[in-house]
Each structure stands twice: as C-alpha cells, then as structure tokens.
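# Fold and contact review
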Amino acid sequence: MPTLLGQNQYGKAENRVVKITRDGATHHIKDLNVSVSLSGDMDEVHYSGSNANVLPTDTTKNTVYAFAKEHGIESAEQFGIHLARHFVTSQEPIRTARIRIEEYAWERIAASGEAEHSFVRKGQEVRLTQITYDGMSWEVVSGLKDLVVMNSTDSEFWGYVKDKYTTLKEAHDRILATEVSGRWRFNWTDDEQPAPDWETSYDQVRKHMLQAFAETYSLSLQQTLYQMGARIIDNRGEIDEVRFSLPNKHHFLVDLEPFGLKNDNEVYFAADRPYGLIEATILRDGCEARIPVDLTNL
C-alpha cells in the first residue's frame, strides 16, 4: 500500500537574540529565544529531495537577527507578528508561519551616577508567546512558565473520596504552593482589528492571576485555578481563553514528636515528587477552546 506525507513543518529553533536599545545613557534590554516553524507546499522536498520550495533554516535565523535591528523589539508578540507576516508574504510556497518566543526579563540595578546600563536577570518566570499566521488570520497565544507561588495559610483540603488505599489526612490549614504554567489566547485575529497593547496586557494578566491566587480562600487547587482564570477573563476583554497547568508543590508537616516537640504548622518537608498535577481551561462564555491540552507542545 502506498504511503502519503502527513503534516510537516521545518524551521530554525531557539535563536537567542538580545537587543539593546540605547536612550542616551539609559539602556533597555529585550532578551528572546525565538523558534521559527514554516509549512506549506513542501511535498517534493520529502518525496524527491527537491529543495526548490525550501527557504534555508539558516535564512530564517538570519531574518530573526536582521528584524531585531530593522524593526526593534517592542514586545515579544509584535516581534513575532513581524516575522510571521514576512515569511508568509515573501515566500509563495509558505502557507503558514508559527513563531514561538520565550522572553527572559532583566531588572535594572540601581547605581550611583547617571549611567543606567547595569542589569540583573529576574528569576521569577519566563514569558511566552506563540504567533501563527496563514496569510489571512492570526492566532496569538501568550503565557508564562516557572512562576512559583505560595500561600502559607488560607488553604484546606478535606471531604474527599476515601477508599482502602487512602492514607492522606484531611487538612484544615495547609500550605498551598504551585509552579504556574499558563497560556491565554487573544481574540485579535485579523489586521482590521486594533491590536492589543501587548506589554500592558501581559502585566495586567499577571497581576490579576496573582491577585486571584492570593485572595482566594482555597478548598482545593482546582478552585484556585478556576478563580485565577476567571479573574483574567473578567478583567481583560482581549482574552477569550486561559489554560493552566499547576503542579501541587506539596509541603508535609514534619513529625517532631520523637524529639518532644510540637509542630504547630511551622516546620514542613517540601516534596519535589511525586506531585499532584491540576490542569484546566477557562473560557469566555460562547467561545471555543483552542489551546492544546498538552502545554508541553505549546
């Protein structure tokens, strides 16, 4: 039986680009990791090895660096939009471009004197975006990963199903901690619409997400997750869908009785694995889910 070529794409992954913008003695940094994937009329390169429709991946790498100079990097999203539009409109065989970007944040170091060119790398989270363009419509999914948060109280877990294998004790005052991996999809889809202010949107989404985590008296991590997503949807009209993957970073009370000591919710063992993994999508009413269930592939 003959074989047929299925979905395929190619590009250059993880192009590290650092753009310094010099405003007199004050400098600004954008530090990105950009991955380009292109797809379209690529059957022949797979069937016969003809490269007639193939833009070299080395060229896509060079384009990333050239665009950092030509267009600057206003935001990860806007930079990705410039790249995706270029690849689709400049190369007839290319039908769709997908740009994935990780952004690493830097914080200015306060120092004596007028120069403002010293920075320390922030370690809180990695900012993410994925831009997909098919020549007609856009899909922008942004997000973050590696953001570790904790509530040292105002969290309980009880009333759950128990069977003969259940050993977990009910908790009416526990630590709730997680490492947030989240994505949110914008409802901006075509050039006729005004584009969001990408930088403001990211800052506001992050703010609402953290406020919901801090202000929710949690009876389950699922409840907290939903409140985080709902707060974003309720406050940011440019976003229709949010998906979170939240590992429960368990903190277990240490038994101090062998040492004649009472542990009054003070000393914990932080377990790194195994961990509960809570995942869910929160949608604006009337919208369909499009963010993949498995965030490892986004």
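Before reading on, note that the structure itself is shown above.
Residue numbers here run from 1 along each chain, matching the order of that chain's written sequence. Only residues with pLDDT of at least 70 are given local features in this predicted model, and only at 80 or more are side-chain atom pairs given and counted; all residues enter the totals for whole chains, interfaces and linings. With hydrogens and water excluded, all non-hydrogen atoms of the structure serve as input to the side-chain values.

### As for the sheet that holds strand 7 (residues 138-151)
Pairing between strands requires that DSSP locate at least two bridges from one strand to the other. Helix and strand labels come from DSSP, where a helix needs a run of H or I of at least four residues and a strand needs a run of E of at least two; each type is numbered from the N terminus. Across the sheet, 8 strands lie side by side as 1-2-3-6-7-8-9-12; this open sheet has antiparallel pairing. The open sheet has two edge strands with one neighbour each: strand 1 (15-23) and strand 12 (276-283). Recorded for the sheet is a direction-independent mean angle of 20° between the axes of neighbouring strands. Inspection of the sheet shows strand 2 (residues 26-40) paired to strand 3 (residues 94-104) by 10 bridges, in the antiparallel sense. Counted as the bridge partner of V34 is I101 from strand 3. Sitting on the sheet, helix 2 (residues 57-70) touches strand 1 and strand 2, and the angle it makes with strand 1 is about 10°. Note on definitions: a residue-residue contact is assigned when non-hydrogen atoms from the two residues lie within 4.5 Å. Lines fitted to C-alpha atoms define the axes, with helix axes restricted to the stretch in contact, and inter-axis angles between N-to-C directions lie between 0 and 180 degrees. Lying over the sheet, helix 3 (residues 76-90) contacts strand 2, strand 3, strand 6 (126-133) and strand 7, oriented at roughly 160° with respect to strand 3.

### What about the pattern of salt bridges?
When a carboxyl oxygen of Asp or Glu is within 4 Å of a side-chain nitrogen of Lys or Arg, the pair counts as a salt bridge. All chains considered together, the criterion is met by 18 salt bridges. Across the salt bridge formed by D58 and K61, the nearest N and O atoms sit 2.9 Å from each other. On the criterion of helical spacing, the pair formed by D58 and K61 is a turn pair, its members being 3 residues apart in helix 2. With a closest N to O distance of 3.0 Å, E215 and R231 form a salt bridge. With a gap of 16 residues between them, E215 in helix 4 (residues 198-215) and R231 in helix 5 (residues 221-235) connect regions that are remote in the sequence. For the exposure calls, accessible area comes from a 1.4 Å probe over protein chains only, and a residue counts as buried if that area is under 20% of its type's maximum, exposed if over 50%, partly exposed in between. Among the residues examined, R231 registers a relative accessible area of 24% and is labelled partly exposed. Each member of the salt-bridge network shares a partner with another, and the members are K30, E77, E103, R127 and E199.

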